Each structure stands twice: as C-alpha cells, then as structure tokens.
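Overview (structure and organization)
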Amino acid sequence: MQKLIQLDRLENTGDESDGTRQFHDQRIVVPTILNAIADGFEKKEQSWFATSQLPSDLSIRVEDITFYVHKYPLVARCAYLREIEFQPQNSHLGYDLKLEKFPGGSENFEMILKFCYGLPISLNPGNVAALRCGSEFLEMTEAMEEGNLISTTEAFFTFVVLSSWNDSITVLKSCEMLSPWAENLQIVRRCCDSIGWKIFRKNSTEEITNEGTWWFDDIATLRINFFLRIITAIRVKGIKPEIIGSCIMHYGEKWLPNMNSETKGTDKYGNIRNDSQWSITSGRMQEKSIGQNNKEQRIIIESLISILPPQKEAVSCKFLLRLLKMAMLYAASPALISELEKRIGMVFENAGLNDLLIPSYAVSEQTINSTEEQTIYNIDVVQRILDYFLLYEQQKLQQQEMKSSTTVNISKLVDSYLAEIARDHNVSITKFQVLAESLPRHIRTCHDGLYRAIDTYLKTHPSLSEHDRRRLCKIMDSEKLSLDACMHAAQNERLPLRIVIQVLLSEQVKMRAAVQGKDIIASDDYNLDKENNWLSTKKEVKSLKEELEKVKIQMTGLQRDYSELQQEYEKLNNKPRIPWTSGWRKIKKSALFNRKMVEEETQEGENRVKPGRRGSISRRQSIS
C-alpha cells in the first residue's frame, strides 16, 4: 500500500487512478512503512548511500562526493529541491543533481541529509553557522515543515552562541569559509557586535593592564576582515585609542612576518642581510617570489594601516616603521604608504637607527632608467619622513610647544643614519648632502656626529674631487666641534686643507677664550659634557701657570747667583798674585768653592726646570 502526499507549490499533472501523483513529470512514491526512512549513511569510496530497504531514486553530487538518497525526505523539507529539474535517470554524468558552491561542503550536506531523514544531529558552535547557511541555500523554511532547519539553527545561534564569548569566537572562525552566505545572513555582524559589546562592558580599567588586554589573544586568532569588524565596533563604543592601538600591534606581531629573524649572511659592506626578504642582483633590489601569501599579507598590511587610531600616542614608532617596511615589501597602496609616512613623521623623534634602515625592496621606473645605481637602503623614504617631522615641528614652534630634547634626539638620529648610509658606495653626494642639510642649523648644537658621517663618506668614496670634498665639508661647522673632534680633524688627511685650517683657527679661538676665562659655551642641557671638558681644560691651564711662576722664580735665583759669581771672579782678577798654596786655600774657601756650590745648585735648578718644561709642552700638545 502506498500513501499519496500533497506537496505545496508543485503542479499536479498526474492521475490518481494508479495510486500515484506526478510532479513535473517526475514520479515520487512515498511508502507508508517506517523502514522507508534510512537508518544512517555508509560511505563507499567517493559515495554515500542511505541505508534503507528501498532503493535510492536520487543522486546528488556535492564537491567530489555523490550521495544516493530518496527524493521524498529532501523534497518535503527543501523548497529548493522541489522546484529544481533533475537530470534524467542513469545520466552519463553519474548523478541527477550537482550543487555548486554549497556552503560548508559535503560534510555539511551530510548533516542536512540526516536532519531531513529524521536522524539526530548535534548542534554546536562549530557547525551551527554552516548548517544555517546550508539550510538557507536549500530554503528549509517553516512553510515546508514546522521546526525546519532554518528556525532551529537560528534559535541556537541567537540564544546560545551570542550569549557566550568563546562560542562567538568559534562561530566567527567557522564563518571564514562560508562567504558570502555568513555575511548576507548577518552572522558575522551579529557575532562582531556581541564581541564588541562584551569587550566594552568588561574593559572598565583606566590603564592598559593584563586585565584590560585579556581579549587580545582571542581577537588575534581571527582573520583580518573579522578583526576589522571588531575594532570598528569597539571604536564606536568609545574604547580608548591606546587600547585599540595596543590590540592592533598585538595582531601585527602575530600575523606580520618578523623582519629581524632568519638573517643570513652579510653584504659587502658588513651589514646583516636577510635573504628571505630581499636580494641584490646586478646592483638592483629584486623582490623574492612570495606566491599566494603575497596577496594575503598585503591585505593585512593595508587593513592595519587603514584602522590605525589618529592619536599620536596610540601606536609606537617602532611598529609604524615595521609596518612601513612590510608595506613597501608587499607593494601596498601608494596612498596608504604616504599616509603611513606622515604618521611616522609625527613620532619621528622616538625612532631608532635600526628601524630607519629600510631596504630598497623595489626598483621604480625612474631608477631603472637613470644611471644612478640602487642604494642598499631607501634614503628617499627617510627624507620624506624627516620633511614631515620638520613641518610638524614648525607648527609646534609657532604654538611654542617644541622641546629642546626633541631636537637633540633628532640631530643624533639623523647623524647616525648619515654615518650608516655613508658606507654605501652607491649613495650620491647630492643625496647625502640634501639629507644632511635638511636639519636647520639651530637644531644641531654639536657637529661631532655630522663630522663622523662626513669622514665615513670620504673614506668610502676616496675618488671624490677636491671640489666635492669642499662642498661636502661646508655642511659642517668647525666652531661646533668638540676638542677631540678638532684634534682628529686637524690630523685628517681626507679633509681639504682649507677645512683643516678653519678647524685649527677655531681651536685656537677656543683655547684663547678658555685662558682668558671666557665662557663661550652656551648653557644648554646637551652641552653639559662639553662644559666639563672646558672646566678640565681650565684646570690644566691654571696648573701650567703655577708651574711657569715657579720656573720664573728659579730663573731669578739662578741669575742672582750668577751675578754674585761674576763679581767674585772680577775681584780675584784685580788682586795681586800670592803663593799658590796659601792662595789656593783662600780661593777654595771663597770664590771657587762658592762657584762649585753655585754650579751644583744651578745643575739642580736646571734638573728641576726641565721636567716642568716637558710637562708643559706635553700638555700643550694634548690640548691641541
């Protein structure tokens, strides 16, 4: 005996005399015996078979798996299958229907088949999103049957998943392979809003503490598109920019490759080189093939740049420079790179030398067509960042907010960077000079670092003409060199003769001012070390003066003794001759004896004077 079932929305084209109804020229026979429902499914190679006493009358292919099932359990619950036209029986394709791009794949379709057959299935945060999308694909609505899969999964998602932090994170991870169904069904949006609300509600601390960053690790496990959604949600709710910036840096540490790891070898200038990031071939930097990961990394970098908080203190300068290196390596959008450079210019005084050493990853068309060889480090980027910084500092100066410590740090940083790039043979003198002259003269209170950079450049480029040497040394102010730098420059054969003369004159002026007791050093915090050097120099000059006074006193005594000896000698010559024995005794007791004593005293005086002279001469040499 067979039972006839009326199926909604299907046109009746058959005849009831034979006990069946025909729908769209396809006959569906619904048995009344219970064993018509399958007990389960069994897999044979790349096929799944419903274990039932009745033979299957429908084959559906999902991905590489073919399911041999019965039409009625599926048609009774899935509006999509009721309206579709199946392939003829025994098709050469091996299946009656193929579901393209079914959300969740064959595993998800197997669970939906079990639900259609009335078999028990287990809903959990890991599969609820896929079942919700799959049921939407098959149109398993309440109009087909009460308690259908759409309403069941929707209730579980709303009342169970959204109330739990861990379940919401789990569902978001499962949605990574369910695009665009999870987006269209608002599963992603509702999860992100729920997570954002939980962060805002629990994050009540004023400062960034371990309790306030409990959610960083969980958020960092999500893909970048979901991470953006959550950051946007918590920013709207008023989370502090410092917390958002810390979360972005934590995410970047997890997903961005580490530039400082896996270093291999050194270049010909002694610099450590990372062969996994860049290589030099025929004088040009060529980007290594990164494959599909290139696109993913570029998306992550561009997304992180786009969501950076505008506040200056939100993100560290070190992270920004690392992000800039990655953006240039993976060829991010030029507009975003420009915005990142401006952002770095705001906090440039907090940068470190190693952070500024940005390799020249790519070669522009202008560089390819020019005769200038590619440099190891990208100097143009640092030049632009420095220009942005000076622009910001000029605005601060107008508002009287500029601090002296900021200028000191910048001058040291720029001079150290100049000394580093000076070792590159391909750095042109024009590029070096432009970068060195970018800082205004009043920012550099001491030119020792600049002198070291210029000397390194001259040592690396020994073939420079005399004109280029003078042109390069004009950047340096000899009056702002310390005594040690002046002494080194006075003996430096690489410097032009005119510069050496200027250094010597400057040194003499400083020495004369020190002897006269003039304080020519400005009372600046940065010049404390130089003031100590001048104080020690004044002490040496004072001790030299004391020794000179002692020598003068000794010379005066020697001259007096010499005059007395001269007078005694003249008296002896004017007296008549006397017998030599008695005369010898008198002379021994008077003039000659006194002369010998005077000569001994003179010799002792000279011995005392000579060390003083040598000491004074050696001190003059050390001072020069």
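Our subject in this report is the structure included herewith. Note that the structure is a prediction, hence the values are computed from the model and not measured. (Residues numbered from 1 in each chain as written. Predicted model: local features only at pLDDT ≥ 70, side-chain atom pairs only at ≥ 80, totals over all residues. Heavy atoms only, no water.)

1. Re the pattern of salt bridges
One pass over the structure, following the stated rule, counts 17 salt bridges. The partner of Arg322 in a salt bridge is Glu253, with the nearest N and O atoms 3.0 Å apart. A residue pair is termed long-range when its members are at least 10 positions apart, and Arg322 in helix α13 (residues 317-329) and Glu253 in helix α11 (residues 241-255) qualify at 69 residues. In this structure Arg322 comes out as buried when scored by relative accessible area, which is 13%. The partner of Glu341 in a salt bridge is Arg384, and the shortest N-O contact between them spans 2.9 Å. One end of the pair, Glu341, is in helix α14 (residues 334-346); the other, Arg384, is in helix α17 (residues 379-398), and 43 residues separate them in sequence. For Glu341, a relative accessible area of 3% puts it in the buried group. One connected set of salt bridges, linked through shared partners, spans Arg132, Glu136, Glu154 and Arg190. (Salt bridge = Lys/Arg side-chain N within 4 Å of Asp/Glu carboxyl O. Helix = DSSP H or I, 4+ residues; strand = E, 2+ residues; numbered from the N terminus. Buried < 20%, exposed > 50% of the residue type's maximum accessible area, 1.4 Å probe, protein only.)

2. Brief notes about the environment of Val434
Tracing the chain through its elements places Val434 in helix α19 (residues 429-436). Put simply, Val434 and Gln383 are 51 residues apart on the chain and 8.6 Å apart in space, counted from C-alpha to C-alpha.

3. Some details on the environment of Ile234
Here Ile234 lies in helix α10 (residues 224-236). Note on Ile234: relative accessible area 0%, which makes it buried. C-alpha separation for the pair Ile234 and Phe200, spaced 34 residues apart in sequence, amounts to 6.6 Å.

4. Comments concerning the packing of aromatic side chains
All told, the structure shown has 12 aromatic pairs when counted by the stated rule. Where Phe67 meets Phe109, the ring centres are 5.1 Å apart and the plane angle is 65 degrees; that geometry is what we call edge-to-face. Of this pair, Phe67 sits in strand β8 (residues 65-69) while Phe109 sits in helix α3 (residues 105-116), and the two are 42 residues apart along the sequence. Comparing Phe67 with Phe109, the two get one shared label, buried. Look at Phe227 and Tyr251: their rings are 4.0 Å apart centre to centre, the planes differ by 20 degrees, and that puts the pair in the stacked class. Residue Phe227 is found in helix α10, and its partner Tyr251 is found in helix α11; the two are separated by 24 residues along the sequence. On the basis of relative accessible area, Phe227 is assigned to the buried category, the value being 0%. What makes Tyr251 buried here is its relative accessible area of 1%. Each residue in the set Phe67, Tyr80, Phe102, Phe109, Phe137 and Trp181 is aromatic and connected to the rest through ring pairs, giving one cluster. Seen from the ring of Phe115, Arg77 lies directly overhead, with NZ or CZ sitting 4.9 Å from the centre. (Phe/Tyr/Trp six-rings, centres within 6.5 Å; stacked < 30°, edge-to-face > 60°. Lys NZ or Arg CZ within 6 Å of the ring centre and 35° of its normal.)

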